[in-house]
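So you can see what is in the structure, the chains are spelled out below.
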Amino acid sequence: MKKHSFLISMAIFVIIIIVSFISMMSRVAPPKKNVIKIGLCLYRFDDTFISNVRQEIEEYVKEYEKEYGIKINLEVVDARDNQNTQNHQVERFVSLNYDVLLINVVDRFAASNMIETAVGAKIPIVFFNRKPVDDDLNRADNIYYIGAGPKSAGIEQARIIIDAYNENPHSIDINNDGVINYLLLEGEPSHQDSLLRTEWVIKTLQENNIPINKLNGAIGNWERAQGSALMEEWLNEYKDIDLVISNNDDMALGAIDAIERANNITGIKIVGIDGTKEALEAINAGKLLGTIESDKKEYAKAVVEIAMFAIGKSSLPEDIKSKLLDNRTYDVEQIPRKK
Amino acid sequence: MKTDKKYIWILWFISIVLLFIISQTDLILKEEVPHVYQVSLILDSEDESKYINLKKGVDDAAKKYNIDINLLTLNNITQNAVIYSAEENGTNGIIVLAKNDLEINNKKVPIVVLKSKSGDIIDNPKSGYLSINTDYTGMITKLYNSFEEKFDKNSYIYVFLNNRDISGIEEEIDFLKSKQSSNIIFIEGDEKEFRTAIEDLVHSKNNAYVFSLDKTSTDNLCKIVGASTVYRERIQGFYCIGATTFFLNKLNDGTIDAIATVNEYDEGYLAVEMLMADLKKTNYMSNIDMENMLVNKESLENEEVVKQLFPID
Amino acid sequence: MDRGKFSIKKLSIKNLSIQSSIFIYFTVTAIIAIALISLIMFQRFTNSLNATIIEENSGIIGQVGESIDSYLRNSMKISDSIYYNVIKNTDISGNEIKKGMNLIYVNNDNMIEDIALISGSGELIESMPALRLKDNINVLEKDFFKKSMAESEYIYFSMPHIRNLFDQNESSYSWVMSLARAVEITDEGKATQAVLLINLNYVFFEELFSNVNLGNGGYIYLTNDRGDIIWHPRQNEIYSGRFDENNKYAAGLKDGISVENYGGKKVTLNVRTIGYTGWKLVGVTPNATLNIYGIKFRFFVVFVADLFLFLLAMINAFISDKISNPIKRLDTSVREIESGNLDVDIVPSGSYEVEHLGKSIKNMLGRIKLLMSDLVEEHNAKRKSEFDTLQSQINPHFLYNTLDIIVWMIENEEPDKAVSIVTALAKFFRISLSKGKNIITVKDEIEHVRNYLMIQNMRFKNRFEYSIEADEEVLLYSSLKLMLQPLVENAIYHGMEFMDGDGEIDVKVSKEGESLYFTISDNGLGMSKEMVDKLLSKDIMPSKKGSGIGVKNVNERIKLYFGNEYGLRVESEPDEGTKIIIHLPAAIYGEGKYEDR
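Residues numbered from 1 in each chain as written. Chains lettered and ligands numbered in written order. Predicted model: local features only at pLDDT ≥ 70, side-chain atom pairs only at ≥ 80, totals over all residues.

Visitor: I tried to follow the overall build of chain C on my own but got confused; where do I start?
Guide: What chain C contains, in helices and strands, is 14 helices and 18 strands. The C-alpha atoms of chain C give 66 Å as radius of gyration, which overshoots the globular expectation for 597 residues (25 Å, by more than 25%). Considering only C-alpha atoms, chain C reaches an extent of 200 × 45 × 40 Å along its principal axes. With 597 residues in all, chain C has 31% of them scored as buried. For chain C, long-range pairs separated by at least 24 residues make up 64% of all intrachain contacts whose partners lie at least 6 apart in sequence. (Helix = DSSP H or I, 4+ residues; strand = E, 2+ residues; numbered from the N terminus. Rg over C-alpha atoms; globule rule 2.2 N^0.38 Å. Buried ≥ 20, exposed ≤ 12 C-beta atoms within 10 Å, placed from the backbone. Contact = placed C-beta atoms within 7 Å.)

Visitor: Can you help me understand the interface of chain C and chain B in this one?
Guide: One widely used convention gives an interface's size as the accessible area the parts lose upon coming together. In this assembly, 23 residues from chain C lie in contact with 28 residues from chain B. Where the side of chain C that touches chain B is concerned, the elements lending two or more residues are α5 (235-239) and α7 (295-338) of chain C. Broken down by element, the side of chain C that touches chain B gets its largest block of residues, nine residues, from α7 of chain C. Broken down by class, the residue content of the side of chain C that touches chain B amounts to twelve nonpolar, six polar and five charged. (Nonpolar A, V, L, I, M, F, W, Y, C, P; charged D, E, K, R; others polar.)

Visitor: It is not clear to me how the sheet that holds strand β15 (residues 503-512) of chain C should be interpreted in this structure. Could you clarify?
Guide: Paired through backbone hydrogen bonds, the strands of a sheet run either parallel or antiparallel to each other. Residues and elements named next belong to chain C. With mixed pairing, five strands are arranged side by side in an open sheet as β13-β15-β16-β18-β17. Every other strand in the sheet has two partners, leaving β13 (464-470) and β17 (567-572) as the edge strands with one partner each. For this sheet, the mean angle separating the axes of adjacent strands, direction not counted, is 15 degrees. By the bridge criterion, six bridges tie β17 to strand β18 (residues 578-585) in an arrangement that is antiparallel. Each residue of the ladder has a partner; that of R569, found in β18, is I581. Relative to β13, helix α11 (residues 442-459) is tilted by about 170 degrees, and along the sheet it contacts β13 and β15. Relative to β17, helix α14 (residues 551-562) is tilted by about 150 degrees, and along the sheet it contacts β17 and β18. (Pairing = 2+ DSSP bridges. Axes fitted to C-alpha atoms, helices over the stretch in contact; angles between N-to-C directions.)

Visitor: How should the interface of chain C and chain A be read in this particular structure?
Guide: Listed as interface residues are 14 residues of chain C and, on the opposing side, 20 residues of chain A. Looking at side-chain class alone, the side of chain C that touches chain A contains seven nonpolar, four polar and three charged residues.

Visitor: Even after reading the chapter, I still don't get the nonpolar core, so can you show me in this structure?
Guide: Within soluble globular proteins, side chains that are nonpolar generally end up buried alongside one another. By size, the foremost hydrophobic cluster in this structure holds 84 residues, and its most contacted members are V244, A252 and A255 of chain A. Here the element with the most residues in this core is strand β5 (residues 175-187) of chain C; it accounts for eight residues. Setting aside residues no more than four positions away along its own chain, A255 of chain A makes contact with L185, G227, S228, M231, V244, S246 and I270 of chain A. Ranked by size, the runner-up nonpolar core spans 54 residues in total, among them I115, A153, M308 and A310 of chain A. (Core = buried A, V, L, I, M, F, W, Y, C linked by C-beta atoms within 7 Å.)

Visitor: Sorry, what's going on with the environment of V39 of chain B here?
Guide: All names here are of chain B. Secondary-structure assignment places V39 in strand β1 (residues 37-43). Looking at V39, the number of C-beta atoms within 10 Å reads 26, which means it is buried. With 210 residues separating them along the chain, V39 and N249 place their C-alpha atoms 31 Å apart. Residues in contact with V39, not counting those within four places in the same chain, are A62, I67, I69, N70, T91, N92, G93, I95, V272 and L275.

Visitor: Looking at this model, I keep getting lost on the packing of helix α13 (residues 529-537) of chain C against α14 of chain C. Mind explaining?
Guide: Angle between the axes and distance between the axes are the two parameters that describe a pair of packed helices. Residues and elements named next belong to chain C. It is the contact of α13 with α14, at a shortest axis distance of 6 Å, that shows an interaxial angle of 55 degrees. Considering their axes alone, α13 and α14 lie oblique with respect to each other. Contact residues: L535, L536 and S537 in α13; V551, K552 and N555 in α14. Here the residues of the contact of α13 with α14 are counted per class, giving three nonpolar, two polar and one charged. (Parallel < 35°, antiparallel > 145°, perpendicular 65-115°, else oblique.)

Visitor: Would you mind showing me how to read helix α1 (residues 18-87) of chain C here?
Guide: Because each turn of an α-helix spans 3.6 residues, side chains separated by three or four positions end up pointing in the same direction. Between its terminal C-alpha atoms α1 of chain C stretches 99 Å, which fits the 104 Å expected from 70 residues at 1.5 Å a residue. Positive backbone phi, at 60 degrees, marks N89 of chain C, one or two positions downstream of α1 of chain C. (Expected span 1.5 Å × (residues − 1).)

Visitor: Could you clarify how one ought to interpret the confidence of the model for chain B in this entry?
Guide: A low pLDDT means the predicted coordinates there should not be read in detail. Averaged over all residues, the pLDDT of chain B is 84; the fraction at 70 or higher stands at 90%. Mean pLDDT across the secondary structure elements of chain B bottoms out at helix α1 (residues 3-24) of chain B, with 80, and peaks at strand β10 (residues 258-262) of chain B, with 94. (pLDDT = per-residue confidence, 0-100.)

Visitor: Where do I start with the confidence of the model for chain C in this structure?
Guide: The share of residues in chain C with pLDDT of 70 or more is 92%, and the mean pLDDT across the chain is 84. As a predicted assembly, this complex carries a pTM of 0.70 together with an ipTM value of 0.84.

Visitor: Please explain the sheet that holds strand β5 (residues 143-148) of chain A as it appears in this structure.
Guide: Residues and elements named next belong to chain A. Ordered by their spatial adjacency, seven strands build an open sheet running β2-β1-β3-β4-β5-β12-β11, and the pairing between neighbours is mixed. The two strands at the open ends of the sheet, each matched to only one other strand, are β2 (71-78) and β11 (324-325). Bridge count for strand β1 (residues 35-42) against β2 is eight bridges, and the pairing is parallel. Note that in β2 the partner of I38 across the bridge is L74.

Visitor: Explain helix α11 (residues 277-284) of chain A here, please?
Guide: All names here are of chain A. A279, A282 and I283 are the residues of α11 that are buried. For α11, the angular spread of the buried residues around the axis is 100 degrees, confining them to a single face. Counted as exposed and oriented over 90 degrees from the buried face of α11: E281 and N284. The inward-facing, buried residues of α11 contact α10 (249-262), β10 (290-294) and β13 (334-338). (Arc of directions from axis to C-beta.)

Visitor: Mind showing me how you'd approach the pairing of β1 of chain B here?
Guide: When a strand is regular, its side chains alternate between the sheet's two faces. Residues and elements named next belong to chain B. With seven of its seven residues buried, β1 lies for the most part within the structure. Where burial is concerned, the two faces of β1 agree: the one with Y37, V39, L41 and L43 and the one with Q38, S40 and I42 are both buried. Of the strand pairs in this sheet, β1 and strand β2 (residues 67-73) are connected by seven bridges, and their pairing is parallel. Looking at β2, one finds that L43 is bridged to T73. Looking at chain direction, β1 and strand β3 (residues 93-97) are connected through four bridges and run parallel. The residue bridging L41 from the neighbouring strand is I95, located in β3.

Visitor: When you look at unusual backbone geometry in this model, what are you seeing that I'm missing?
Guide: Trans peptide bonds make up most of the peptide bonds, and negative phi angles are found at most residues other than glycine. Omega for the peptide link from M128 of chain C to P129 of chain C comes to 0 degrees, which places this bond in the cis form. The phi torsion at D81 of chain A lies on the positive side, around 65 degrees, for a residue other than glycine. Structurally, D81 of chain A is set in the loop between β2 and α3 (83-95). We note that N97 of chain A has phi near 60 degrees; this positive angle belongs to a residue other than glycine. Among the structural elements, N97 of chain A can be located in the loop between α3 and β3 (100-103). Residue classification places N97 of chain A among the partly exposed residues on the basis of 13 C-beta atoms within 10 Å.

Visitor: How do you make sense of the packing of helix α9 (residues 224-237) of chain A against α10 of chain A when you look at a structure like this?
Guide: Residue and element names in this part refer to chain A. Contact geometry for α9 and α10: axes closest at 7 Å, N-to-C directions at 45 degrees. By the angle between their directions, the pair α9 and α10 is classed as oblique. Regarding α9 and α10, the two cross each other, and that crossing is right-handed. Side by side, α9 and α10 meet where R224, A225, Q226, G227, S228, M231, E232 and L235 of the first sit next to D250, M251, A252, L253, G254, A255, D257, A258, I259 and A262 of the second. Across the contact of α9 with α10, the residue classes break down as ten nonpolar, four polar and four charged. (Left-handed = near helix turned anticlockwise from the far one by under 90°.)

Here it is as structure tokens:
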């Protein structure tokens, strides 16, 4: 019996060890895996256009959830126009095992960091609105870009002016001196939208023989406040402004702010691009001549559908699929809006 | 060696090997692998832009604890339904705003209720949820005192609110009623109702002091008032419950006179701390009272106040 | 008494068993040694770990300090650049300032939030990007403006603050640090003072501190010269009152390393002053502590203890096996021997010394046994001898015979002869006894044999003649009692048997040097060599009716009492008579040399 009692006590000792550590293991249940986590990284929350797109994305995500019965957690973060911040945000999403990232990159030349991080973790990225350089886009198969084609936007913007001019030249050429003096409000330097929109609006106007004359131009960085400040300066400087061509609606609205502050100025025509809610309201109020609205619903749909397709949750709807170029880029429809 | 002695030696040796494996390697006992917790933050859809500081607090705390924060908005679904579905989807904790019809039964995960009224909690620690309380009466008192200093004792007092279900509104209404029996008008609703009321005010060429009891109302009012200087002239004082960056800027430029609020960054941070303490079974309060602050233009010069109301990223 | 197991009851400091002693001493020593070593190692480890961490951290802090330095210098250079290359001597009414500022802004737009040139009257002359001053702002009241106008040679760095000068999106805010200086501008030929303001993006500045990991959960933070926090990893928590830092205190310390106690924990503070601004960079490193609360650590402690005990037990078992147990077994055997059991089986085993002990004890036991049996034999022999002697002292047959003769004499009316015989007999027996002594004087021994001879002569009717010759001086020497008489008895019964009146027995005693010689010679039949040998080797009684003491016995007794070098020898040839010569040492009786003790 003595021999047995030793064996038994040893066996009990071993069993106690095993049982105690099993009970010490973590009690928190891991989350169920059928929830899809999407990270949405915006370059700036307070960019009106981006804000509008974001709302549409949120809407569309909810519809998608209903349609496919898949639960989606959409987390939105603001990079405050700082690429480093955005890199940290992407790292964090990756470390939290997010499924797909929708990125509105701050600095289009500096996307390689985040691409490496995501690609390393096999997470697809859908870039939108701010386009990384082609080399970066082509790094992996699951990198996409969705944007509103700046070239067509510029052309359409020109078209608004052309149509208005053709209909009544005086509406554009206020002092009827045969020259349309314009000011140009440009977006961020080196942004593909600024460059192309500017290039094509001017080109199209020139091609259509509209007698434009550039008084001045400046970088407004897409911001309403800067548009407003610049316009104020110009109002002081120039007395025969006919037209303000703005690369986006926010700056255009800023120009309108400046004009309203100046009180006794009328007639200057202002065109923008984006089709934000505020811009559409301004058009209705007669303050803004026109804008080019990207179909934000289409924008959101493309972003979300491509994202879900990239992680294998659903197949692309026909309308999205047909417009997807090289399995990589998508151009969102843009429609002119005027009164 | 006798056989039974041999068994003892062998078993003893095995026990040593086991202990070694447990303590020095990860084969049996793993060091707490950074576990990713899921926490759902539930807000009304319009609220989202009004609770940026709260979200920042929640996010900063989340970074500390390796938590994934999931923002859920209501959109015509009841808050209770959203809570239920969040639990179904495997969330580890929930942060939610207090509402009068908030029901929490059979809690599966810890829930933190923000902005509940002080004293609202059943004094039973197993009541089912943790709470961070706001002293609404205190807030409206401070706001009222600030108003009283400038009150001309003649004009109307217009009190705007979005709906009575918002936590604390009843108390605030009662307080104001107790302070001013006459000359006080309560307007409940959205921009449309407010616009009508303001326009009536302007047409009647009267002046009024305005109280706004919730952020949605303040937002609507700012929109209306900002549109025209005429409106602004008729409003002699503008006092608000609840702050956002936008309102603070309006405070700075003189549109709003005083705001009563709490440090929402702190509130969000604490909510996450409370959840984690509950999940990890460490000691923490289950019931915290937030301090009120009254902010006017002068206080925006105060560094301490600024740092609390404008958290650094 | 089973001392095989370690029993606490039998524990007393003086008398521990070997196993207990070894176990206790060894265990105590091992524990003390290990404790000491652990303590020392732990101290050294902690100290060296701390030193390493502190050194590394100093390195890191140095680096961060340098990058802050470099950042400040860079921003000051930008300010210089704008002033000296763009603003100075350039008329503000043209476009050059705007262009110049734009160039610099675009090149540094990560770092710079905005650049503004503000006139002495508080108006915005130029800004990059295009900005408007807020409507309700009075720039002249602002700190940066007042300070830079007041001290124009000085570049003023502000603490982080919310940018509040310009129109911007009302739903957002940005934290900036301002860098301002007074500049001289030219306005249509007139020179006046203005302020060049550069707002530095705070988020960009924060990047200098990101990913700085001081070992052991440490961190760094930056304050101004008065201790107000410029950046702290937990600054939001500090402002909400949820975290405490002794920043004011730390900023007051001199540059270098100091160990402080804060919040009940020991931390090392590493302070470094940043040039020009006097800002303080503070590195906080908690002192290295083991994570003693981890479950794994507790298991580790149990593991170490278990291992230690295991090793101890093994060593103890080994020692037992080799040393204690063999000794115990030896001890047990010895006790057995002590209690009288000489037949214990000793099996030598164990370590060398113990085995040797075992063997020795075994051998000794063997020899003891042998000696003891020898002793017993000797004892027995001696007792037999003594018994024989005793019996011979009584000599019953001689007595009966002599008494017969006396009766006959009396019956024959020869009383004188009877009286002589009785007297001789009495003397004979008196000397036979000699009060139990074994050594008597030669005189007495001669007297003894004379009486014997006289009696025997009368008995045997003068069948023989005898003579006793002894020198005067030898009478006082020592002699063995009952030495001569048995030999004479032997002579009579063997030698005189067939002598018809011619027998002669002569006893002579003489001293030669240190020896005494007693010679008993007779002219009897003599003995062959074999008979002589037999006489000496076997206990042949001269006669059954004699004293019972044989020649051999006399020889043995002589050797016994005087030593082996003395004894008797027999010279005899058949028909030539027999001569027995006794050799004794010449020792005067009374000197105590051979007398009975």
